[in-house]
There are 2 protein chains.
Amino acid sequence: MISGRCAACRYLRRRCPSDCIFAPYFPPNNPQRFASVHRIYGASNVARMLQQLPFYLRAQAADTLYYEAERRIGDPIYGCVGVISRLHEKIYETECELAKARTDIALVNGFAS
Amino acid sequence: MISGRCAACRYLRRRCPSDCIFAPYFPPNNPQRFASVHRIYGASNVARMLQQLPFYLRAQAADTLYYEAERRIGDPIYGCVGVISRLHEKIYETECELAKARTDIALVNGFAS
């Protein structure tokens, strides 16, 4: 049975206050979500980062903190930077293919004129 | 004058031990580097993440933690995920241009045959 406490308060073994900073973003049915951000940032840093934002932006911040925590857990050396490096490589490869295709077009147009 | 303590120990106002986990990656001439990772992850989390890696991988982990901390400070809602989103957009745009160029080539080849 899931208690009324949010995942963070369950993890931290504390009462979940009515104005809990974590509760809207860490529901009790997803304990892994809080465990991940806790492991990388710590509860107090996550709370502070959420508190510094207006309410309507906190859900997105919690999502991106969770994403980054998961990447860091999966790749403790590079974290999100590993993802960013692979995307830069992909852009480079695609731009090379595009340059080659445009050269082919220029050559065909050269022959055609 | 820069003291012999590393940037982390200066920041934390403590003695810098000879086997300091931070010293190789947070030199005293760059106090901002430690201030940034401290702000996002906290000193104990950074120390733990470095300690869990073999020595030869710690410098890269410190670099990527610093990069991610800087992105989160600059963009408290999206952090590195903002960078990743923009790179995905760039890949999509480049792939669209490539598809268009290849269509042009196919059309030219169709006319030529």
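The structure presented is a predicted model; accordingly, all values stated were derived computationally and were not measured. (Residues numbered from 1 in each chain as written. Chains lettered and ligands numbered in written order. Predicted model: local features only at pLDDT ≥ 70, side-chain atom pairs only at ≥ 80, totals over all residues. Heavy atoms only, no water.)

Trainee: An account of the overall build of chain A is needed here, citing residue identities and associated values.
Mentor: On a plain count of helices and strands, chain A comes out with 5 helices and 0 strands. Ordering the α and β elements of chain A from the N terminus gives α-α-α-α-α. Projecting the C-alpha coordinates of chain A onto the three principal axes gives extents of approximately 80 × 30 × 30 Å. Burial statistics for chain A: of 113 residues in total, 42% are counted as buried. In chain A, of all internal contacts separated by at least 6 residues, the share reaching a separation of at least 24 is 44%. Total accessible area computed for chain A in this model is approximately 6500 Å², and 56% of it derives from carbon and sulfur atoms. Taking the 15 positively charged and 10 negatively charged side chains of chain A as two groups, their mean positions are separated by 14 Å. (Helix = DSSP H or I, 4+ residues; strand = E, 2+ residues; numbered from the N terminus. Buried < 20%, exposed > 50% of the residue type's maximum accessible area, 1.4 Å probe, protein only. Contact = heavy atoms within 4.5 Å. Areas by Shrake-Rupley, 256 points an atom, 1.4 Å probe, with all protein chains shown as cover. Lys, Arg positive; Asp, Glu negative; His and termini not counted. Charge placed at Lys NZ, Arg CZ, Asp CG, Glu CD.)

Trainee: Tell me what's going on with the domain arrangement of chain A, and back it up with residues and numbers.
Mentor: Residues and elements named next belong to chain A. Domains assigned within chain A are domain 1 (1–74) and domain 2 (78–113). Taking only C-alpha atoms, the centre of domain 1 and the centre of domain 2 are 40 Å apart. Counting residues at the interface gives 4 residues for domain 1 and 4 residues for domain 2. Where domain 1 touches domain 2, the interface holds 0 salt bridges. (Domains from an automatic or database assignment. Salt bridge = Lys/Arg side-chain N within 4 Å of Asp/Glu carboxyl O.)

Trainee: Could you give an account of the environment of Thr103(A), naming the residues involved and the relevant values?
Mentor: Residues and elements named next belong to chain A. Within the secondary structure, Thr103 is located in helix α5 (residues 80–112). On the basis of relative accessible area, Thr103 is assigned to the partly exposed category, the value being 44%. Sequence separation of Thr103 and Asp63 is 40 residues, and the distance between their C-alpha atoms is 43 Å. For Thr103, the side chain forms a polar contact with the main-chain oxygen of Ala99, separated by 2.8 Å. (Polar contact = N/O pair within 3.5 Å; in protein donor to acceptor, adjacent residues only side chain to side chain.)

Trainee: Just give me the short version of the side chain of Thr64(B), but keep the residues and values in it.
Mentor: The topology assignment puts Thr64(B) in helix α4 (residues 55–74). Thr64(B) has contacts with Arg72(A), Ile77(A), Tyr78(A) and Val81(A), leaving out every residue within four places of it along the chain.

Trainee: A description of the relation of the copies chain A and chain B should follow, citing residues and the corresponding values.
Mentor: Under the fitted operation, chain A is carried onto chain B by 0.0 Å of movement along the axis and a turn of 180°, and the coordinates agree to an RMSD of 0.0 Å. The operation mapping one copy onto its partner corresponds to a two-fold rotation axis. (Least-squares fit on C-alpha atoms with pLDDT ≥ 70 in both.)

Trainee: Please set out the nonpolar core residue by residue, giving values where relevant.
Mentor: The biggest cluster of nonpolar side chains holds 51 residues, and the ones touching the most others in it are Phe22(A), Phe26(A), Tyr41(A), Phe22(B), Phe26(B) and Tyr41(B). Breaking this core down by element, the ones donating at least two residues are α1 (7–11), α2 (31–41), α3 (43–51) and α4 (55–74) of chain A together with α1 (7–11), α2 (31–41), α3 (43–51) and α4 of chain B. Other than its neighbours up to four places away in sequence, Phe22(B) contacts Cys6(B), Ala8(B), Leu12(B), Arg14(B), Phe34(B), Ala43(B), Val46(B) and Ala47(B). Of all hydrophobic cores here, the second largest spans 10 residues; its members include Cys80(A), Ile84(A), Cys80(B) and Ile84(B). (Core = buried A, V, L, I, M, F, W, Y, C linked by side-chain atoms within 4.5 Å.)

Trainee: Kindly report on the pattern of salt bridges, identifying the contributing residues and their values.
Mentor: This model, assessed by the stated rule, comprises 10 salt bridges over all chains. Linking Glu97(A) and Arg102(B) is a salt bridge whose minimum nitrogen-to-oxygen distance equals 2.7 Å. Here the residue Glu97(A) occupies a position in helix α5, and Arg102(B) occupies one in helix α5 (residues 80–112), the pair thus bridging two chains. A relative accessible area of 35% places Glu97(A) in the partly exposed class.

Trainee: Any chance you could break down the interface of chain A and chain B for me, citing the residues and the numbers?
Mentor: Across the boundary between the two partners, chain A contributes 37 residues, which contact 37 residues of chain B. Interface area for chain A against chain B, summed over the two sides, is near 3400 Å², with a carbon-plus-sulfur share of 67%. Counting the contacts that link chain A with chain B gives 6 salt bridges. At the boundary of chain A with chain B, the tally comes to 18 residue pairs in polar contact (both at pLDDT 80 or more). (Buried area = accessible area lost by both parts, 1.4 Å probe.)

Trainee: An account of the state of the cysteines is requested, with residue identities and associated values reported.
Mentor: Applying the stated criterion across every chain yields a total of 0 disulfides over all chains. Considering cysteine sulfurs only, Cys9(A) is the nearest to Cys20(A), which forms no disulfide, with 3.7 Å between them. Residue class for Cys20(A) comes out buried when judged on its relative accessible area of 7%. No disulfide involves Cys96(B); its sulfur sits 18 Å from the nearest other cysteine sulfur, which is in Cys96(A). (Disulfide = S-S within 2.5 Å.)

Trainee: So what's going on with α2(A)? Which residues, and what values?
Mentor: Among all positions of α2(A), only Arg33(A), Phe34(A), Ala35(A), Ser36(A), Val37(A), Ile40(A) and Tyr41(A) are buried. On its buried face, α2(A) is in contact with α1, α3 and α4 of chain A together with α2 and α3 of chain B. The first or second residue beyond α2(A) is Gly42(A), which carries a positive phi of 85°.

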